[in-house]
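Working through the structure, step by step
What follows is the residue order along each chain.
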Amino acid sequence: MFVDHHFAGCLWRCPPRFHSLTALQWWIQPALIDGPRLPNEGKMHSVYYNDKQINKLATDGQHRAIIGGMWEEMGELQLDILQKHGLKPEHKLLDIGCGSLRLGTKAVPYLNPGNYWATDLVEALMDAGYQKEIIPLGLQERLPRSNLVQDAEFTFEGVPRRFDYIIAQSVFTHLPLNHLRHCLARLANHLEGSAIFLFTVFEAEPGTAPDGPSKQSRGPITTYPHKDPFHLCEDDLTHIGRGLPWTIDFIREWDHPRNQKLVMAKLRS
């Protein structure tokens with residue numbers, strides 16, 4: 001959900017308010033990666049840790065643009081891939097890094113009431129999504145606000161211990177590799193029973209040097225082994241899964257418009 005830091009200073013110098021979503025997207029879209037261009041200065045893994053600026057944009061009505069726009073397309077794409085892998089209305093779904101509920105607006109009407117749960121680092125994004133998307137759609141009876149849980153460190157405190165499906169779209173593309181292993185370990189400790197976890201990553205293109213950048217084949221996106229947006233390779237997935245009760249498969253293609261690849265992890269009960 002974040003951007004190439006080469007452009008990071010631009011949004012910081014913009015006027016405090018944008019007169020239209022198009023104006024904000026003009027600043028965001030050249031990087032074509034989910035999220036805002038905010039100053040990071042090497043102090044944070046991701047610009048989403050810039051609480052002050054993210055909170056301001058969320059409360060200023062830019063909650064869709066902050067997470068990269070493509071609201072309908074990406075919401076439908078996520079629900080579609082979950083359904084292709086077996087999601088049914090009676091199943092319970094956890095959306096990690098839910099942002100302003102782009103998937104939630106699609107999944108909540110499909111799932112039985114109360115079966116959608118979500119976590120995010122930024123409380124203001126979830127608040128904006130609930131107030132400006134869920135309530136206007138009349139979905140608040142199907143999604144209690146208490147099902148949305150602020151979680152900065154993958155503790156999963158406050159969410160149930162049984163889920164059939166879990167998804168994290170454009171989360172680990174913006175975090176170091178060990179954060180993915182950390183999440184998998186904590187999920188395994190938290191969950192009871194089996195579960196299917198779908199998450200996305202950027203994969204280094206063939207021929208990429210181990211310490212070099214990778215220009216993604218779809219969209220003008222450059223990824224890195226050491227900074228946001230991060231890429232990895234298949235061997236990295238083998239490494240992070242070692243010693244954990246997950247079976248991890250690199251599915252790769254799922255028609256993602258920004259070339260993020262799909263990974264499926266199954267928790268062995």
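Residues numbered from 1 in each chain as written. Predicted model: local features only at pLDDT ≥ 70, side-chain atom pairs only at ≥ 80, totals over all residues. Heavy atoms only, no water.

**Things to note about the side chain of glutamine 260**
By the element assignment, glutamine 260 lies in the loop between β9 (246–252) and β10 (261–267). For glutamine 260, a relative accessible area of 2% puts it in the buried group. There is a polar contact of 3.2 Å between the side chain of glutamine 260 and the side chain of serine 170. (Helix = DSSP H or I, 4+ residues; strand = E, 2+ residues; numbered from the N terminus. Buried < 20%, exposed > 50% of the residue type's maximum accessible area, 1.4 Å probe, protein only. Polar contact = N/O pair within 3.5 Å; in protein donor to acceptor, adjacent residues only side chain to side chain.)

**Description of the pattern of salt bridges**
Going through the model one piece at a time under the given rule, you end up with 10 salt bridges. With a shortest N-O distance of 3.0 Å, glutamate 234 and arginine 252 are connected by a salt bridge. Note that glutamate 234 is positioned in helix α9 (residues 234–241) and arginine 252 in strand β9, a separation of 18 residues in sequence. By relative accessible area, glutamate 234 is classed as partly exposed at 40%. One network of salt bridges, with partners in common, ties together Glu203, Glu234, Arg252, Glu253 and Lys261. (Salt bridge = Lys/Arg side-chain N within 4 Å of Asp/Glu carboxyl O.)

**A closer look at the packing of aromatic side chains**
Taken as a whole and assessed by the stated rule, the structure comprises five aromatic pairs. For the ring pair phenylalanine 197 and phenylalanine 199, a centre distance of 5.1 Å and an interplane angle of 50 degrees mean the geometry is tilted. No difference in accessibility class separates phenylalanine 197 from phenylalanine 199, as the two residues are buried. With a centroid separation of 6.0 Å and 55 degrees between ring planes, the pair formed by phenylalanine 197 and tryptophan 246 is classed as tilted. Within this pair, whereas phenylalanine 197 is found in strand β5 (residues 195–203), its partner tryptophan 246 is found in strand β9, the two being separated by 49 residues in sequence. (Phe/Tyr/Trp six-rings, centres within 6.5 Å; stacked < 30°, edge-to-face > 60°.)

**Regarding the nonpolar core**
Most often, soluble globular proteins keep nonpolar side chains buried together rather than apart. Core analysis: the biggest nonpolar cluster contains 32 residues, and Ile96, Ile166, Phe172, Leu187, Phe197, Phe199 and Trp246 have the highest contact counts within it. Elements represented by at least two residues in this core include exactly β1 (93–96), β4 (165–168), α8 (177–190), β5, α9, β9 and β10. For this core, the element with the most residues is α8, which contributes five residues. Setting aside residues no more than four positions away along its own chain, phenylalanine 197 makes contact with Ile96, Ile166, Ile167, Ala168, Phe172, Cys183, Leu184, Leu187, Trp246, Val263, Met264 and Ala265. Leu77, Cys98, Leu103 and Met264 belong to the second largest nonpolar core, which has 28 residues in total. (Core = buried A, V, L, I, M, F, W, Y, C linked by side-chain atoms within 4.5 Å. Contact = heavy atoms within 4.5 Å.)

**A few points about the environment of asparagine 259**
Its location among the elements puts asparagine 259 in the loop between β9 and β10. Taking the relative accessible area as the measure of exposure, asparagine 259 reaches 4% and is therefore buried. Along the sequence, asparagine 259 and arginine 218 sit 41 residues apart, while their C-alpha atoms lie 5.4 Å from each other. With near-sequence residues (within four places) excluded, asparagine 259 lies in contact with Phe202, Glu205, Gln216, Ser217 and Arg218. Among the polar contacts listed, one links the side chain of asparagine 259 to the side chain of glutamate 205, at a separation of 3.3 Å. Reaching out from asparagine 259, the side chain makes a polar contact with the side chain of serine 217 at a distance of 3.5 Å.

**Notes on the side chain of histidine 256**
Looking at the secondary structure, you find histidine 256 in the loop between β9 and β10. A residue is classified by how much of its surface remains accessible, and histidine 256, at 1% relative accessible area, is buried. Within the structure, histidine 256 has its side chain in polar contact with the backbone nitrogen of arginine 258 (distance 3.0 Å). Here histidine 256 is in contact with Met74, Leu77, Gln169 and Arg218, once residues within four sequence places are set aside.

**Describing the confidence of the model for the chain**
When pLDDT is averaged across the chain, the result is 83; 80% of the residues are at 70 or more. Throughout residues 1–33 the model reports pLDDT below 50, and contacts reaching past four residues in sequence, or to other chains, amount to 91 contacts. Note that pLDDT drops below 50 for residues 36–44; the model gives that stretch 36 contacts with residues more than four away or on any other chain. (pLDDT = per-residue confidence, 0-100.)

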